[in-house]
Amino acid sequence: MSGRSMTRLNRRSMLARSVTGVAGSLASLGFMHLLSQDALAATESKGVLDQLHFPAHAKRVIYLFMSGGPSQLDLFDHKPLLNQKNGEDLPESVRMGQRLTGMSGNQSRLPLVGSPFKFSQQGPSGAWISELLPWTSKIAGELCFIRSVHTEHINHDPAITFCQTGHHLAGRPSIGAWLSYGLGSANENLPTFVVLISKDRIDQPLYSRLWGNGFLPSMHQGVQFRNAGDPVLYLHNPPGVSSRSRRSMLDRLAELEEMRFVEEGDPEIKARLAQYEMAYRMQTSVPEVMDLAGESTETLELYGEDVKTPGTFAANCLLARRMAERNVRFIQLYHPGWDHHGGLPGRIKQLTKDVDQGCYALITDLKRRGLLDDTLVIWGGEFGRTNYCQGKITPGDFGRDHHPRCFTVWMAGAGIKPGFVYGSTDDFGYSVAENPVDVHDLQATIMERLGIDHERLTYRHQGRDYRLTDVSGKVIRDVIT
Amino acid sequence: MTRRHRFQWMIILASILCIVPAKGNEPAKKLSFNRDIRPILSDRCYACHGFDEKKREAMLSLDTFEGATAVRDSGVAIEPGKPDSSLVIERVLSNDPELKMPPPSSNKHPLSSDEVNLLRRWIAEGAEYQKHWSFLPIASVTPPRESASQPIDRFVLSSLREQGAAGFSDRATKERVLRRVTFDLTGLPPTIAELDAYLADESPQAFERVVDRLLSSPSYGERMASEWLDAARFADTHGYQMDRERRVWSYRDWVIRSFNDNLPYSDFVKWQLAGDLLPHPTKDQRLATAFNRLHNQNEEGGIVEEEFRVAYVVDRVTTFGTVFLGLTLECSRCHDHKYDPITAKEFYSLFAFFQNISEPGQTSYFTPDMPTPAMLLSSDKQDAEIVQLDQEIAAKEIVLSKITDDQAFNDWLTKRPSAPEIPGKVAEFKFETIAGNKLVNEVDAKRAGNCVEGPELVEGPAGHGKAGKSSGDNGFDFPGLGHFHRAQPFSFSLWIKQPEWSKRAVVLHHSKAPADAASRGYDLLLEEGHVSFGLYYMWPGSAIKIRTKERIAANQWTHVVGTYDGSSKASGMALFLNGEKSEVEVIRDNLTKDITYGDEPNLAIGYRFRDNGFKDGAVDGFALFDRKLTPLEAAHLADRHDFIEALESQNLSTEQREKLHEYFLATVSGAWKKSEHELSELRDKKRRLLAPIPEIMVMEELPSPKPAHLLVRGNYDQPSDEVTADTPKALPPLSADTPRNRLGLADWLLSPDNPLMARVTVNRYWQMLFGKGIVETSDNFGMQGSPPSHPELLDWLAKDFVEHGWDVKRLLKQIVMSDTYQQDSKASDWGREHDADNRWLSHAPSRILTAEMMRDQSLALSGLLTVKIGGPSVKPYQPDGLWSIAMGNPNYAQSHGPDLYRRSLYTYWKKTVPPPSMMTLDAADRSYCTVRRQSTNTPLQSLVLLNDPQFVEAARAMAERSLKEGGKTTQERLEWLFRCGTSRQPGEKELATLLATFEEQQKLFADNPESAKQLLKVGERGVDEKLDATELAALTAVTQMILNLDEAVRRR
């Protein structure tokens, strides 16, 4: 172990044992006198990085994760050839041995299926967007569509774990945890990494490991904000315990701990006490961020009718904006329900209706508040869907299986080229034709926008320096202004 | 510690300790390669100039003396004795980015001047290499001569003195030591009575008595199990996607039992690795092998099974490496290890030990039973019944086989029918017409067949009219037919034709799916022309399956009859092709449970969910029988004349006579039928006995090893060189007479020559008691791991442990009885200045309680704790809706009553949504093996401890107890509460604060009496209504405060 990483480890363990940046919040609470020099020294640095590797273009990230794998062929990747060849078998010359899932892999035929939805070109890039996304079409000028994203994984669990942690097996830290570890917090009254999940849309499951800390200290794990009950688990005092009662008890606790500190001389005593104060402050700051009462009618209308229902994608988008304003570093939304093996035409209508206006409103709202310049927004799922039908095509109905070889992700803000289309697929919409982008490349690009060299933000675990992008990943320079 | 500091330490260390005093009289100053140099080379150089040949740059290897000192075109990398002419020194000092080492592009830090100086000195001293310390044999060490009676103390004291300390810190107070050792050995706080007893006992044996009491308390096993379950990645669900329940708590019970019985650790390990391979293994020995199956298992539909089967085996190897060897074997899964001498080939040689079981890569969705191999968790009584039934069945089989009923046969022969009769036909379909999407059933018109997704009718075999044709995705199904269980004999008969052979084609089946249902049911397949017939409980481990040796002709009609006698044995199955009994190969012969679902699927022809159907295949004349057909019947169904000829023949050949006799017995003989019926009853009784008995996944070695290959870059679909089971070369070899199986591997692991196993084990228990191992990286004893702080102590402990029969209780007692352990945790002035991270153990370490201890303490002190060892997992309070992110929106059926208050190791662990409070309090993620937990400090932890109903209710119950047991006055009660929470009396000022807190809280609650009532309602236990609500609420608030004191949540 190098001297340098020793120092780093040491600071990290200090951080783990105390807290990121409690100094400010405590000072304002009048708790400064409780903090010894030791404890202060430990809270100076907010993240493990002494300085950023590059100038940061993004201060925060909002990742709109479309769990289940949206069909790029019915949303963004316009393939008229599939309509012409509707019902014909997928030629082996196109498939070229790509492994299929066991769900359609044993079908006697793989009939191509064209999208029943109309496409038109939108924005300065002339990006093709399907009629399912009228609101997204309006902001096409802000978005950068990457149509050539690909992955190695053909099943949900490994694919989504790969997207969120850079590795397909459980155990690695998620993107947000890496950023919390690297950059620390920019608002001590809220978690650095927040997760919001659309309600009532689970088909494929989500797993808490997707926002887990893996082998990083657990302070870096994402905190799920919930739309019912306590927004953060155990946030509220027990029934009957008033804020005054709690405050008074915490003050007395501090008194006792001060006596203990004199006796024991262990700075851990104070570091821990600081957490109680943070928790107390969160009891105010979390409900505040979750409360939409202060939002104007005009803003609420921007997000659409759904915004009034907690737990909808639209409501979560508005919360994401509020958190972005408060400098939450990584805001992870999940909208599940995109796993359309069958009944795709009907189901995708529902899902696009769920998310379309929220996306539009979020981008528009961020922009008009000047936040889009330093907020990176990402939209996408864990893989794409096949150009052939799973099962039989019947009148007005079909389904698509998982497809790893190409899918579309869009990004916006933080110096990503607005109104830009990058990468393309072949006429069958089966393989990437130009500018392939793999999942690690996306992750490297996210980090680059935040000022981090993905190869240099590492954590030593069991003797090896791990990083988000494992052993690959390159920044997609072409999508950056 | 700063970099400078660290290297000062290293120099000091090097000067005082030497693992192997190779040349005893060397001046103490000489640097040690292992301690001083290897960490630098390993971290900065070995990634490109190390062990991994494929990644080796410039053909230079710095990991061996030979490699480093070889003369090269450019010079010599390391020239012993001559640092100035060693290229290594030149390159690390270079300012030229092209030459500089490590290259700036590697993102490795340049060497500091201290490090360069160390390197120079070492080269000057001769550049002596050493084998990595942990690969050297465990040394026999004599404890240093120090003024302490215990060897442990002599080692620690000696190091402390070398560092300049005067000695140990003072002994901790009796209260503090009792609290410490009680948590460490039982995971629970001491009771007031235990505290009083110990304080009152002034004999020199007082502490030893405490230790003995704790080690023999059943809570000891629970505490030890909590630790082990992290390593075993124990959880109640499978982990991937659907994350369905797996009932494996009986393994946890075994772990608790083993620790409480003080099973020698060597047996504890051997049983888990290879209990099934021991001679005549006991049930416990087999149950222990569940350890190898607790990795995540994937149920997701459509996965490639081999991809995940490989992942499972890799997990086994990884866990084996972490827990027993302290090596990161998984680093060599894709390439040779970068730092440690483990090649990828050696990784797959270990892999070969762990894959020889009949297991699926995908766990079944439709039949959520244990993936195979599994063992029955039967009671002793059930075992006795099973043995009894097996004997009765065997006896009855002999009886049946001996029945000839000759007299009746001869009578029958004289008046035998003239035309063949085939009784027992329950359905017949001729595929002549499709009317309203239905097929006519010739036997029972009400049970017609269905056409599914538009199969066609085509020309059938000559003389049979039309036939049905499947595309592979469509076909026919037959509701209400063929729902046989495994004790029922049955047969089927049909014509089939397929234009060309395919790898696999499902002709007929009664099942929901292949992988997604573990093939449960029965089927008839065509496998590259071979006809197979199988009955399945859980494929691949529990099934019977036969396959014809011959292939049927492609594109030609073949008649197939399959028969089964209800015996659950492959020998009870037969296949007839075109009326002739076929020679078959037995593919599986181990059907352990039933082939039914409870809600039976339709018998179907031509297609199956997520399977290869009978593509372009045609079928005709499908008939189903509820008995085992005889050869003459099979021949007759295939349009042969054998049966008619036999019936008509006046001059029966021997063969004809025998066949008629067989037919007679099966269809006419009352004696035979009666006996067969009795046999069926017995088989059915056994079937019904076994069906509800739960199972657990275990290891069950296949008779011959599966072929193993090096997988290129770790990819399941890129096998390369074949490998055989073997251990890494860097460690002592497997002796020639050791079997190349898991048992041999376990023996190798536990052999006294193994340098890692005992060291890794004692280090982990040291870590359990001191918070940090002698080797801090308890999960990595490789070159990138941290060197031992007390290498000689480690070796002494390891040797002593092995020599005393791997006795864990003895080891723990030895450690906690030491002065080292019993020091105060308060750092001395010297310690604060010179031993801030307590590497030298200048004081006892303090650390936050584990998640389990935190919750268990509250339950124990409140009196709520349910004292019960073992059993199924329980579901304590959890906020609503957490599981809604999991697949299928499963319901968290919270427990009630005593199950709300079990110790935390029994808390139900759903891997994809683990218990939130436990996770917040730094419990390990049970998706993979962990031997070192995180320790963090976050506001979310405060929220859990203050607001989680479990903790709130416990505080209230504890406050309630104080009213009843804590004395008469508020002051007495507050003292009692404080003493419960911290194990000591409060000081005067502390008591004043407690009283002030109580008064403030009482006033607040008195101002709003309703709020007091609300607080008292938290939890399901209910409160004594007679108590004063305001007083109790105020005491509850004070109790919460006490339970959140540093002294309550930290073991000091």
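Residues numbered from 1 in each chain as written. Chains lettered and ligands numbered in written order. Predicted model: local features only at pLDDT ≥ 70, side-chain atom pairs only at ≥ 80, totals over all residues. Heavy atoms only, no water.

1. Quick notes on the overall build of chain B
If you tally the helices and strands in chain B, you get 37 helices and 25 strands. Its C-alpha atoms put chain B at 115 × 95 × 50 Å along the principal axes. Counting every position in chain B, which comprises 1052 residues, the buried fraction comes to 61%. Within chain B, residue pairs in contact and separated by at least 24 positions form 71% of the contacts whose partners lie at least 6 positions apart. Of the roughly 39700 Å² of accessible surface on chain B, 51% is carried by carbon and sulfur atoms. (Helix = DSSP H or I, 4+ residues; strand = E, 2+ residues; numbered from the N terminus. Buried < 20%, exposed > 50% of the residue type's maximum accessible area, 1.4 Å probe, protein only. Contact = heavy atoms within 4.5 Å. Areas by Shrake-Rupley, 256 points an atom, 1.4 Å probe, with all protein chains shown as cover.)

2. Considerations on the pattern of salt bridges
All chains considered together, the criterion is met by 116 salt bridges over all chains. Residues D77(A) and K79(A) are paired through a salt bridge, measuring 3.8 Å at the closest nitrogen-oxygen approach. Across this residue pair, the class does not change: D77(A) and K79(A) are buried. Put simply, R608(B) and D523(B) hold a salt bridge, and the shortest N to O gap is 3.2 Å. On the criterion of sequence distance, the pair formed by R608(B) in the loop between strand 19 (603-605) and strand 20 (618-625) and D523(B) in strand 12 (residues 521-527) is long-range, its members being 85 residues apart. (Salt bridge = Lys/Arg side-chain N within 4 Å of Asp/Glu carboxyl O.)

3. Let's talk about the sheet that holds strand 9 (residues 475-478) of chain B
All names here are of chain B. Spatially, the nine strands line up as an open sheet ordered 5-6-9-19-11-12-13-14-18, and their pairing is antiparallel. The open sheet terminates on both sides in strands that have one partner only, identified here as strand 5 (438-439) and strand 18 (584-590). As defined by bridge partners, strand 5 adjoins strand 6 (residues 449-452) across two bridges and the pair is classed as antiparallel. Opposite L439, over in strand 6, you have G449 as the bridge partner. (Pairing = 2+ DSSP bridges.)

4. Details of helix 18 (residues 406-414) of chain B
Residues and elements named next belong to chain B. If you check which residues of helix 18 are buried, you get F409, W412 and L413. For helix 18, the buried positions fall inside an angular range of 105° around the axis, keeping them on one side. Seen from the buried face of helix 18, the exposed residues on the opposite side, beyond 90 degrees, are Q407 and T414. Buried positions along helix 18 lie against helix 20 (642-648) and helix 21 (654-667). (Arc of directions from axis to C-beta.)

5. Some details on the packing of helix 10 (residues 268-290) of chain A against helix 31 (residues 939-947) of chain B
Running from amino to carboxyl end, helix 10 of chain A crosses helix 31 of chain B at an angle of 80°, the nearest separation of the two axes being 7 Å. Classed by the angle they form, the pair helix 10 of chain A and helix 31 of chain B counts as roughly perpendicular. Every residue of helix 31 of chain B that contacts helix 10 of chain A at R272(A), Q275(A), Y276(A), M278(A), A279(A), M282(A) and Q283(A) is listed here: P939(B), L940(B), S942(B), L943(B), L945(B), L946(B) and N947(B). The class makeup of the residues in the contact of helix 10 of chain A with helix 31 of chain B is nine nonpolar, four polar and one charged. (Axes fitted to C-alpha atoms, helices over the stretch in contact; angles between N-to-C directions. Parallel < 35°, antiparallel > 145°, perpendicular 65-115°, else oblique. Nonpolar A, V, L, I, M, F, W, Y, C, P; charged D, E, K, R; others polar.)

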